[in-house]
Amino acid sequence: MTRGAETIWDLVRQASEALPEPFSRASLVSWVTRHRPDVEPSSVGVHIQYATANATNANNPFRNRVPLLERVGHGEYRRYRPGAATLSPADEARPVQSAPVPSTGTSTAHVVLVGCSSSKAPTARPAAELFTGAAFTKARTHAERAGVPWFVLSAKFGLLDPREVVAPYDVYLGHQSARYRTAWGGWVVAQLAERHDLSGALVEVHAGRTYTEPLMAPLAAAGATLVEPLAGLRQGERLAWYGGDYEVAPIEAVPAPADLDVSWLLDARNAMSPADFLAAGRAAADLPGLYTWWVDVAGAHALSAGLGHRVATGLIYAGRAGGQRPNGKLSTNTLWGRVGGMHLQGNRNFSTFRLTLTAVLRHSGEAVADEPSLTRWMHEHLRVAVLPLPAASVFAAEDQLLALTDPVLNLGGVASTPLRRTLSRLRSSVAAEG
């Protein structure tokens, strides 16, 4: 059998047999995509979920197969051993201290680099305290527990010592030119080389691809090995990887709307299928935050027919789940509850989004006569992106998201248009039916 003819399940099995135990989810994803570049990391992640004996897989299409894996910690696995004790779902929810990534060669140093965040404290302070984003906070704790030298990756300053006092700034690497990013990567590695011998060193990076990619070539040239423990993980999965409780920013530390970064939700590449979202499980999205729904070409044509107005392919709806209201009251809803429960497994009486789709599609000629058929239509034509946020930032971030995107199927917080007036009329008609 050629490599291209092998299934993802086969490749996950081969990866588990080839990697030393325990191995990380990221290493499994990396092994499979390295051997099959045509396979999406998200697809590998779903198969890992299905192949894990002690994961929650209520809708697992491979439930009759012998599992390949068992989870032994947050983001850590070993090969499945029938009859051996495994972590229960309750055990999985308990915080597990992540061990440093082991050296694989003649490394003389192990260094952790943590990407900065757009959320920052309002005044100058040490770099370890300036950045307040949830991912940064968790990665910082991981680096401190690892007991190795660590630094902050800054789009403006390159490499920052955690103790170095820095004033707030507004520079995002993704907004800079390719030339800037290339020069930035060389500059960071040069700064790091001033502090550590990089020949044979292991450099563990906790940051998005925007910050990781410019470092690859200069680190390789310096003789260092770059390791990405979170490669292939979505935002919610990244937060869950570290374990522990999700920290909610105090209300006085809420960044102004202009400082919030919702760009993750505006990139179609970050949207996943409903099946992938559900397969990732509650732990990946049991947090407050924002979401965006995206429609394919055929789905957009159906919506256009139902409304009598053109609906373009792409982002069509956005919203929030949970968060701390301006009056201080905290909503306990989460992205899992909103998207996985109300949108994908609920009904139109408890989901504004399902009500909207029902009202439009019944006039489109699509065979969407009941809740199950609507759910099938959503699985076939929609994708969803989710972004966990500190509860205190959710409402301000939603305002920014709606202002940036003006989603065509939203009615609240956006300007009235002929399309929205038609949608409002159609929704009222369906709602009146009960």
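Note that the structure is a prediction, hence the values are computed from the model and not measured.

Trainee: What am I meant to see in the sheet that holds strand S12 (residues 314-321) here?
Mentor: Adjacent strands of a sheet pair through backbone hydrogen bonds, lying either parallel or antiparallel. In spatial order, the strands read S12-S11-S15; together these 3 strands make up an open sheet with antiparallel pairing. At either end of the open sheet lies a strand with only one pairing partner, and these are S12 and strand S15 (382-388). With direction set aside, neighbouring strand axes in the sheet form an average angle of 20°. Here helix H15 (residues 394-405) sits on the sheet and contacts strand S11 (289-295) and S12; the angle it forms with S12, its principal contact strand, is near 165°.

Trainee: Explain the pattern of salt bridges to me, please; I cannot follow it from the model alone.
Mentor: Pairing is possible between side chains that carry opposite charge, provided their charged atoms lie close to one another. Scanning the model with the defined rule gives 10 salt bridges in all. With a shortest N-O distance of 3.6 Å, glutamate 213 and arginine 209 are connected by a salt bridge. With a gap of 4 residues between them, glutamate 213 and arginine 209 both fall in helix H8 (residues 209-221), about one helical turn apart. The partly exposed category is assigned to glutamate 213, whose relative accessible area is 46%.

Trainee: Even after reading the chapter, I still don't get unusual backbone geometry, so can you show me in this structure?
Mentor: The phi angle of most residues is negative, glycine excepted, and most peptide bonds adopt the trans form. A cis geometry characterises the amide bond from glutamate 21 onward to proline 22, with omega recorded as -10°. Residue aspartate 406 is not a glycine yet carries a positive backbone phi of 45°. Note on placement: aspartate 406 falls in the loop between H15 and helix H16 (418-431).

Trainee: Explanation requested: the side chain of threonine 52 in the structure shown.
Mentor: Along the chain, threonine 52 turns up in the loop between helix H3 (41-51) and strand S2 (69-73). Within the local environment of threonine 52, its side chain forms a polar contact with the backbone oxygen of isoleucine 48, the two atoms lying 2.6 Å apart.

Trainee: Help me out: how do you make sense of the side chain of lysine 120 in this one?
Mentor: Along the chain, lysine 120 falls in the loop between strand S4 (110-115) and strand S5 (125-126). Among the polar contacts listed, one links the side chain of lysine 120 to the backbone oxygen of serine 117, at a separation of 3.2 Å. In terms of polar contacts, lysine 120 uses its side chain to reach the backbone carbonyl oxygen of tyrosine 169, at 3.3 Å. Excluding residues that lie within four positions of it along the chain, lysine 120 makes contacts with Leu130, Phe131, Thr132, Pro168 and Tyr169.

Trainee: Can you walk me through the environment of serine 263 in this structure?
Mentor: Tracing the backbone through its elements, the reader meets serine 263 in the loop between helix H9 (235-241) and helix H10 (274-280). As for serine 263 and leucine 404, which are separated by 141 residues in sequence, their C-alpha atoms are 9.6 Å apart.

Trainee: What am I meant to see in the packing of aromatic side chains here?
Mentor: How two aromatic rings sit relative to each other is set out by the distance from centre to centre and by the angle between their planes. Applying the stated rule across the entire model yields 8 aromatic pairs. With centroids separated by 5.5 Å and ring planes inclined at 85°, the aromatic side chains of phenylalanine 157 and tyrosine 169 adopt a geometry described as edge-to-face. Of this pair, phenylalanine 157 sits in the loop between strand S6 (150-154) and strand S7 (158-160) while tyrosine 169 sits in the loop between strand S8 (165-166) and helix H7 (178-195), and the two are 12 residues apart along the sequence. Judged by its relative accessible area of 31%, phenylalanine 157 falls in the partly exposed class. The interplanar angle of 25° and the centroid separation of 4.6 Å between the aromatic rings of tyrosine 317 and phenylalanine 353 together place this pair among those described as stacked. Placement of tyrosine 317 in strand S12 and of phenylalanine 353 in helix H13 (residues 352-361) is noted, with a sequence separation of 36 residues between them. Residue class for phenylalanine 353 comes out buried when judged on its relative accessible area of 0%. By the ring-pair criterion, three or more aromatic residues cluster together here, those being Phe131, Phe136, Phe157 and Tyr169.

Trainee: Would you mind going over the confidence of the model for the protein chain with me for this structure?
Mentor: Predicted coordinates in regions of low pLDDT should not be interpreted in detail. Averaged over all residues, the pLDDT of the protein chain equals 80, while 82% of them reach at least 70. Per-residue pLDDT stays below 50 along residues 85-108; that stretch engages in 43 contacts with residues further than four places along the chain or on separate chains. Contacts from residues 244-259, a stretch scored under 50 in pLDDT, to residues over four places away or in other chains number 30 contacts.

Trainee: Please clarify how the environment of valine 386 should be interpreted in this entry.
Mentor: Here valine 386 shows up in strand S15. Assessed through its relative accessible area of 7%, valine 386 is described here as buried.

Calculation criteria
- Residues numbered from 1 in each chain as written.
- Predicted model: local features only at pLDDT ≥ 70, side-chain atom pairs only at ≥ 80, totals over all residues.
- Heavy atoms only, no water.
- Pairing = 2+ DSSP bridges.
- Helix = DSSP H or I, 4+ residues; strand = E, 2+ residues; numbered from the N terminus.
- Axes fitted to C-alpha atoms, helices over the stretch in contact; angles between N-to-C directions.
- Contact = heavy atoms within 4.5 Å.
- Salt bridge = Lys/Arg side-chain N within 4 Å of Asp/Glu carboxyl O.
- Buried < 20%, exposed > 50% of the residue type's maximum accessible area, 1.4 Å probe, protein only.
- Polar contact = N/O pair within 3.5 Å; in protein donor to acceptor, adjacent residues only side chain to side chain.
- Phe/Tyr/Trp six-rings, centres within 6.5 Å; stacked < 30°, edge-to-face > 60°.
- pLDDT = per-residue confidence, 0-100.

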